[in-house]
Each structure stands twice: as structure tokens, then as C-alpha cells.
Amino acid sequence: MKKSKLMTTMAAALGIFAGASAAQAQDDENFEGVKFGVQAGWEQRKIDDTLLPSPNSARLNDKSSGITYGGFAGFDAQFDKVVLGVEADFSPNGKTLRSTLPGGGSIELDSKWTASASARAGIAVVPKLLAYGRLGYGFNRYTVRRFAAGNDTAIATDKVTGDGLIYGGGLEYAMNRNASLRVEYRRNENEGSLSSNQVLGGLTLRF
């Protein structure tokens with residue numbers, strides 16, 4: 001009788017321990033699931049390249065800084081402390097880069113939107129803090145225009161969808177299982193010498 005009670009007690013204790021361990025493991029998976037979010041921050045964009053087909057080709061050498069913003073969606077899978085994920089983002093704003101040309105006139109690059117698809121991998125250094133790196137491919141839709149001296153009407157126009165690598169990394173903090181905050185540095189290497197550096201802050205919601 002005593003042996004039976006002892007076995008029953010031990011089994012109950014093991015069940016409680018296993019349930020607590022499973023619950024703890026569940027609680028530690030703070031970066032798992034489908035996600036949507038918004039991000040904003042600072043961007044510096046620059047170029048030093050010859051644009052437009054001949055005979056209107058001209059060198060554009062400029063840089064510009066300002067606010068950037070957009071949204072993203074993706075999916076993360078967490079394996080203990082390791083997090084792997086995919087993400088797509090879109091930004092509807094851009095910078096205008098402009099140079100005055102020798103002999104008069106100017107050339108400008110007017111960015112319309114940017115988008116990217118990337119993968120990221122990270123380590124949860126503590127249950128609620130993720131350090132990660134990112135690598136992917138980006139796209140930038142922009143219009144190049146050349147203007148004659150004293151004329152606001154473009155004498156040559158070219159619409160381009162440039163592309164190139166993006167890479168960077170950051171930190172993400174889970175406020176709970178459904179919401180987190182992140183800060184990230186990102187480098188965009190676009191067509192020709194067009195490039196940008198970004199520092200972004202974001203809010204992520206998980207489902």
C-alpha cells in the first residue's frame with residue numbers, strides 16, 4: 001500500500017515537473033511565428049556615377065540624409081536559443097540626389113520606393129533578447145532626370161528599378177510573446193554606386 005502511494009506521488013511529481021519544463025520552454029520561445037511590423041529611422045544615401053544614355057549622360061555625385069519609414073512582414077522559427085527567419089519590407093519614401101553640371105544644368109535621381117527580401121539568423125543571448133544578422137536582396141525604383149540651365153522641364157528622363165545586396169544586424173527585445181522592439185543597422189548596395197546606410201527602430205507584432 002505504502003509502495004503504491006509512493007509510486008503515485010513520484011509519478012505526480014514527475015508530471016508536474018515535466019509540465020513546468022514544457023511551460024518554461026514555451027515561455028522562452030519569444031521569437032516564434034508569423035509577424036508584421038513597422039519601422040522608421042535615419043538614412044544616408046549617396047551616389048557617384050554616370051547616369052542616362054548618351055548623349056545626355058552625366059555624372060551625379062551627391063549624398064543626402066533624412067528620415068525613412070516603412071513596414072515589414074515575415075516568419076521566424078525558434079530552436080531553443082537559435083532563431084531563423086525570413087522577412088520582406090517596403091518603404092514608400094526616398095531621397096532626391098542632385099548635382100549641378102559643368103556648363104550649367106543639373107542631373108537628379110528621385111527615389112520613389114524601396115523593397116527587400118531577406119533572411120536573418122540570431123541567438124537569444126537571454127530569453128527575451130535576440131542578437132541577429134541579416135542578408136538579402138533589395139530593389140529601388142527611381143527616376144533620373146537631366147535639366148538644361150534655367151529650364152525646369154527635363155530634357156532627358158530614365159525610369160529604373162535598381163537592385164543589389166542588403167546586409168546588417170541588430171537587437172530585438174521581446175516585451176511579451178506577441179510584441180517586441182528592435183533596433184538595426186542596415187547597408188544597401190544598389191545599382192552602380194548608389195548605396196545607403198540606415199539605422200532603424202521597429203515594432204513587431206507576432207501571431
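Presented here is a report on the structure given in the accompanying data block. Treat the numbers as computed from the prediction; the structure is a model and nothing was measured. (Residues numbered from 1 in each chain as written. Predicted model: local features only at pLDDT ≥ 70, side-chain atom pairs only at ≥ 80, totals over all residues. Heavy atoms only, no water.)

Our next topic: the environment of Gly71. Position of Gly71 among the secondary structure elements: in strand β2 (residues 58-79). On the basis of relative accessibility, which here comes to 26%, the residue Gly71 falls in the partly exposed class. Through-space distance from the C-alpha of Gly71 to that of Gly202 is 8.9 Å; in sequence the pair is 131 residues apart. Beyond its immediate stretch of four places on either side in the chain, Gly71 contacts Gly37, Val38, Ala88, Asp89 and Phe90. (Helix = DSSP H or I, 4+ residues; strand = E, 2+ residues; numbered from the N terminus. Buried < 20%, exposed > 50% of the residue type's maximum accessible area, 1.4 Å probe, protein only. Contact = heavy atoms within 4.5 Å.)

By the definition in use, this model includes one cavity of 30 Å³ or more. Taken together, 28 residues make up the lining of the largest cavity; nearest its centre are Asp89, Thr114, Ala115, Asn188 and Gln198. Of all the elements in the fold, those that place two or more residues in the lining of the largest cavity are β1 (33-51), β2, β3 (82-91), β5 (106-126), β6 (129-147), β7 (154-176), β8 (179-189) and β9 (195-206). Class assignment of the residues belonging to the lining of the largest cavity gives a composition of eight nonpolar, 14 polar and six charged. (1 Å grid on protein atoms, 1.4 Å probe; cavity = no way out; pocket = protein on both sides within 12 Å on 5 of 7 lines; lining within 4 Å. Points joined across faces, edges and corners; volume = space filled by probe spheres on them. Nonpolar A, V, L, I, M, F, W, Y, C, P; charged D, E, K, R; others polar.)

Ile47, Leu51, Leu60, Ile107, Leu109 and Val144 are the most contacted members of the largest nonpolar core, which has 14 residues in total. Looking at this core, the elements that each hand over two or more residues are β1, β2, β5, β6 and β7. When near neighbours in sequence (up to four residues on either side) are disregarded, Leu51 contacts Asn56, Ser57, Ala58, Leu60, Ile107, Leu109 and Val144. Counting residues in hydrophobic clusters, the runner-up holds five residues, among them Phe31, Val83, Leu130 and Ala174. (Core = buried A, V, L, I, M, F, W, Y, C linked by side-chain atoms within 4.5 Å.)

Sheet topology places β1 next to β2; 19 bridges connect them, and they run antiparallel. Across the sheet, residue Phe36 finds its bridge partner in β2, namely Ala73. What sits between β1 and β2 in their antiparallel hairpin is a turn of six residues, with Leu52 showing a positive phi close to 75 degrees. Two elements, β1 and β9, share 12 bridges in a ladder whose sense is antiparallel. Looking at the pairing, Glu43 lines up with Gln198 of β9. (Pairing = 2+ DSSP bridges.)

What follows is about unusual backbone geometry. Cis geometry is found at the peptide bond from Ser54 to Pro55, where omega equals 10 degrees. Among the structural elements, Pro55 can be located in the loop between β1 and β2. You will see that Leu52, though not glycine, has its phi angle at about 75 degrees, which is positive. Owing to a relative accessible area of 13%, Leu52 belongs among the buried residues under this scheme. Even without glycine at this site, Asp80 takes up a positive phi of about 60 degrees. Secondary-structure assignment places Asp80 in the loop between β2 and β3.

This paragraph deals with the packing of aromatic side chains. Going through the model one piece at a time under the given rule, you end up with three aromatic pairs. Relative to Phe207, the ring of Phe36 has its centre 6.0 Å away and its plane inclined at 65 degrees; by these criteria the two rings are edge-to-face. Taken together, the residues Phe36 in strand β1 and Phe207 in the segment after β9 connect sequence positions 171 residues apart. Lying over the aromatic face of Tyr132, Arg120 brings its terminal NZ or CZ to 4.5 Å of the ring centre. A cation over an aromatic ring shows up here: Arg182 above the ring of Phe72, its NZ or CZ 4.0 Å from the ring centre. (Phe/Tyr/Trp six-rings, centres within 6.5 Å; stacked < 30°, edge-to-face > 60°. Lys NZ or Arg CZ within 6 Å of the ring centre and 35° of its normal.)

Now for a nonpolar patch on the surface. Together, Val34, Phe36, Val38, Phe75, Val86, Tyr173, Met175, Leu181, Leu203, Leu205 and Phe207 line one region of the surface with nonpolar side chains, adding up to about 1,000 Å² of accessible area. Contributions of two or more residues to the nonpolar patch are made by β1, β7 and β9. With three residues, the single largest contributor to the nonpolar patch is β1. Owing to a relative accessible area of 66%, Phe207 belongs among the exposed residues under this scheme. (Patch = residues over 30% accessible without salt bridge, like charges linked within 9 Å, V, L, I, M, F, W, Y side chains within 5 Å. Areas by Shrake-Rupley, 256 points an atom, 1.4 Å probe, with all protein chains shown as cover. Salt bridge = Lys/Arg side-chain N within 4 Å of Asp/Glu carboxyl O.)

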